[in-house]
Structures are given as C-alpha cells and as structure tokens.
Amino acid sequence: MAEKLALLGPPEPPHDCPICPRLVAYREENKAKEPTWFNGAAPSFGDPQARLLVVGLAPGRMGANRTGRPFTGDFAGVLLYETLIKFGFARGRYEARPDDGLELIDCMITNAVRCAPPANKPLPAEETACRPFLTARMAALPRLKAIVTLGDVSRKNVLKALGAKASSVPSGHGVEADVGPYRLFNSYHCSQYNQNTRVLTPEMFEDVFQAARAYIDA
Ligand code: URA
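As the structure is a prediction and not an experimental result, all values here were calculated from the model. (Residues numbered from 1 in each chain as written. Predicted model: local features only at pLDDT ≥ 70, side-chain atom pairs only at ≥ 80, totals over all residues. Heavy atoms only, no water.)

**Q** Can you break down helix H2 (residues 21-33) residue by residue, with the values?
**A** The end-to-end C-alpha separation of H2 is 18 Å, in line with the 18 Å expected for 13 residues at 1.5 Å each. Of the residues making up H2, those classed as buried are Leu 23, Tyr 26, Arg 27 and Asn 30. Projected down its long axis, H2 carries its buried residues within an arc of 100°, all on one side. More than 90 degrees from the buried face of H2, the exposed residues found are Pro 21 and Ala 32. Close packing links the buried residues of H2 with helix H3 (64-67) and helix H5 (124-139). (Helix = DSSP H or I, 4+ residues; strand = E, 2+ residues; numbered from the N terminus. Expected span 1.5 Å × (residues − 1). Buried < 20%, exposed > 50% of the residue type's maximum accessible area, 1.4 Å probe, protein only. Arc of directions from axis to C-beta. Contact = heavy atoms within 4.5 Å.)

**Q** Explain the environment of Phe 185 residue by residue, including any values.
**A** You can see Phe 185 is positioned in strand S8 (residues 182-187). Here the alpha-carbon distance between Phe 185 and Ile 147, two residues 38 residues apart in the chain, equals 6.1 Å. The residues contacting Phe 185, other than those within four sequence positions of it, are Ala 146, Ile 147, Val 148, Thr 149, Val 175, Glu 176, Val 208, Ala 211, Ala 212 and Tyr 215.

**Q** Any details on empty space enclosed by the protein? Residues and values, ideally.
**A** Inspection of every chain in the model, using the stated rule, returns two cavities of 30 Å³ or more. Approximately 90 Å³ is the volume attributed to the largest cavity. Residue lining of the largest cavity: 14 residues in total, with Cys 17, Cys 20, Leu 23, Cys 115 and Cys 130 positioned closest to the centre. Breaking the lining of the largest cavity down by element, the ones donating at least two residues are H2 and H5. Its residues assigned to classes, the lining of the largest cavity shows 12 nonpolar, no polar and two charged. One number sums up the size of the second largest cavity: a volume of about 30 Å³. Together, Leu 23, Tyr 26, Arg 27, Asn 30, Gly 40, Asn 65, Cys 115 and Ala 116 line the second largest cavity. (1 Å grid on protein atoms, 1.4 Å probe; cavity = no way out; pocket = protein on both sides within 12 Å on 5 of 7 lines; lining within 4 Å. Points joined across faces, edges and corners; volume = space filled by probe spheres on them. Nonpolar A, V, L, I, M, F, W, Y, C, P; charged D, E, K, R; others polar.)

**Q** Could you give an account of the site of the ligand, naming the residues involved and the relevant values?
**A** Neighbouring the ligand are the residues Gly 56, Leu 57, Ala 58, Pro 59, Gly 60, Pro 70, Phe 71, Asp 74, Asn 111 and His 189. Leu 57 places a main-chain nitrogen or oxygen 2.7 Å from an oxygen atom of the ligand. A distance of 3.0 Å separates a nitrogen atom of the ligand from a polar atom in the backbone of Ala 58. Partitioning the shell around the ligand into residue classes produces five nonpolar, four polar and one charged. (Near = heavy atom within 4 Å. Polar contact = N/O pair within 3.5 Å; in protein donor to acceptor, adjacent residues only side chain to side chain.)

**Q** Lay out the sheet that holds strand S7 (residues 176-179) in plain terms, naming residues and giving numbers.
**A** Ordered in space as S1-S5-S2-S6-S8-S7, the six strands form an open sheet in which the pairing is mixed. Each edge of the sheet is formed by a strand with only one pairing partner; in this case those strands are strand S1 (45-46) and S7. Where helix H8 (residues 202-217) meets the sheet, it contacts strand S2 (52-56), strand S6 (146-150), S7 and S8, and its direction lies at approximately 170° from that of S8. (Pairing = 2+ DSSP bridges. Axes fitted to C-alpha atoms, helices over the stretch in contact; angles between N-to-C directions.)

**Q** So, the packing of aromatic side chains: which residues are in play, and what are the values?
**A** Applying the stated criterion across every chain, the model contains four aromatic pairs. Between Phe 205 and Phe 209, the aromatic rings sit 5.0 Å apart at their centres with planes inclined by 65°, giving edge-to-face as the arrangement. With a gap of four residues between them, Phe 205 and Phe 209 both fall in helix H8, about one helical turn apart. Exposure class is identical for Phe 205 and Phe 209. Each is buried. If you follow Arg 69 out to its NZ or CZ, it ends over the ring of Phe 45, 4.7 Å from the centre. (Phe/Tyr/Trp six-rings, centres within 6.5 Å; stacked < 30°, edge-to-face > 60°. Lys NZ or Arg CZ within 6 Å of the ring centre and 35° of its normal.)

**Q** Summarise the layout of surface pockets; cite the residues concerned and give the values.
**A** The space that makes up the largest pocket amounts to roughly 480 Å³. Around the largest pocket sit 22 residues that line it, and Leu 57, Gly 60, Asn 120, His 189 and Ser 191 are the ones nearest its centre. Sorting the residues of the lining of the largest pocket by element identifies helix H4 (75-86) and helix H7 (192-196) as the ones contributing at least two each. Per-class residue counts for the lining of the largest pocket are 12 nonpolar, six polar and four charged.

**Q** An account of the nonpolar core is requested, with residue identities and associated values reported.
**A** Counting residues in hydrophobic clusters, the biggest one holds 28 residues, and the most contacted among them are Leu 52, Val 54, Leu 80, Leu 84 and Phe 209. In this view, Leu 80 contacts Val 54, Phe 71, Ile 109, Leu 150, Cys 190, Phe 205 and Phe 209; residues no more than four positions away in its chain are not counted. Counting residues in hydrophobic clusters, the runner-up holds 18 residues, among them Val 158, Leu 159, Val 169 and Ala 177. (Core = buried A, V, L, I, M, F, W, Y, C linked by side-chain atoms within 4.5 Å.)

Take a look at the structure:
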C-alpha cells in the first residue's frame, strides 16, 4: 500500500501549485488585490480517518480562496456545515472562519479542483490536471466508505479519479451507486443559486447525508 501511495503522488497540492496557467494567473491577480487572503490551493479539511468524503467543485474566490478552508466563507458553506453538524459529521459552531474551532468527525471535505477558478468554472483541462490529487486523496483515507458528490462536476471527477467512466453512475440528486469499494451519494451542489432557486432545499440536502450516515453506520 505504501508503494501504491508513493506511485499516486501527494493527496494535497502545494499552496502555490504551478500546474494550471490560468488558475495561477487568477491566483496572482487575487493576491495582488487581496494580499492578506489565503490565495492558494485550498487543502482538504477534516479527519484523516474519515469514512465519509465530501467532494465539492472548487474554492470560491471569497470562500476557500480567501480563508483557506473548503466552503468556509461561502454561502454554500452554511448549509454544508450545518448539515454535517446535524448528522454528527462535525462538532462545534460554523462561524465562516477557519479558526472557528469547528471539527469534522469521521468526515473530510475536499474539492475536485483545488484552486479557485474564474467565475467558479474550472476548465476540463484543469479538472484533468487536478484529478491525481483527488485519486490520491481518496487512496490516502484508509477507512473511506462513502463519498458525497456535490454537483455534477464533482460526480464526474470522482468517477474518473476512481478509474470509472463518468457515465457509469447517472447524474441526479439522491442517486446512489457502488464504485469499487465505495458507495457514492450524488447531491445537487449547495450553491447559492441552487438554494435560492429551490433546486436544492435543506430537506433534500439532509436526505443525502442521512442516507450516507445510515450506510456508514450499518
Ligand atoms: N467552496 C468550495 O470549497 N467548494 C465548492 O464547491 C464551493 C464553494
């Protein structure tokens, strides 16, 4: 296993990851405007013994790109962290800052793309370039059992990162499937747009985490 992990490479890119020119340029632009922000590849957050991995899209400019913790400071983070607390995957209070003391329990949060993309839209080539980190991230969680994908970019990247076809599990909120040793739970992304348009309600989101909780505890 140690050999396999070495072959896979690191699960976290360096803060100043140089791989994607467009994302590096955007980072430099943000750094010039807001030098006190994190402005780097946002590391995964949570429990290294997690049985649940939540995979988002990419850091928001004012969210993880500013604070350095996934979903922290974003509109999307409020529902995500409140839901994790509700289902026992987090402890403490989410206060939208990385030093709020919130702790993830049996859970880790990561992103399919680790650097903030312009307009929250990574290019396919950027997803591909970042995917080895996602593969390594999953492989480095020895107890991983369940993966919640937030949105379709997350679903496709998780499947590809596991060596499966993006079409091997259909899109759609609430879809569940086994992929290799893991059970996938698809959710619509908890973005401000999806919440404001009621494409995703808190109840729908909770249903996914309730299902993941039941699966993990079975
Ligand atoms: N913040 C993240 O870290 N990821 C997302 O997918 C959205 C907001």
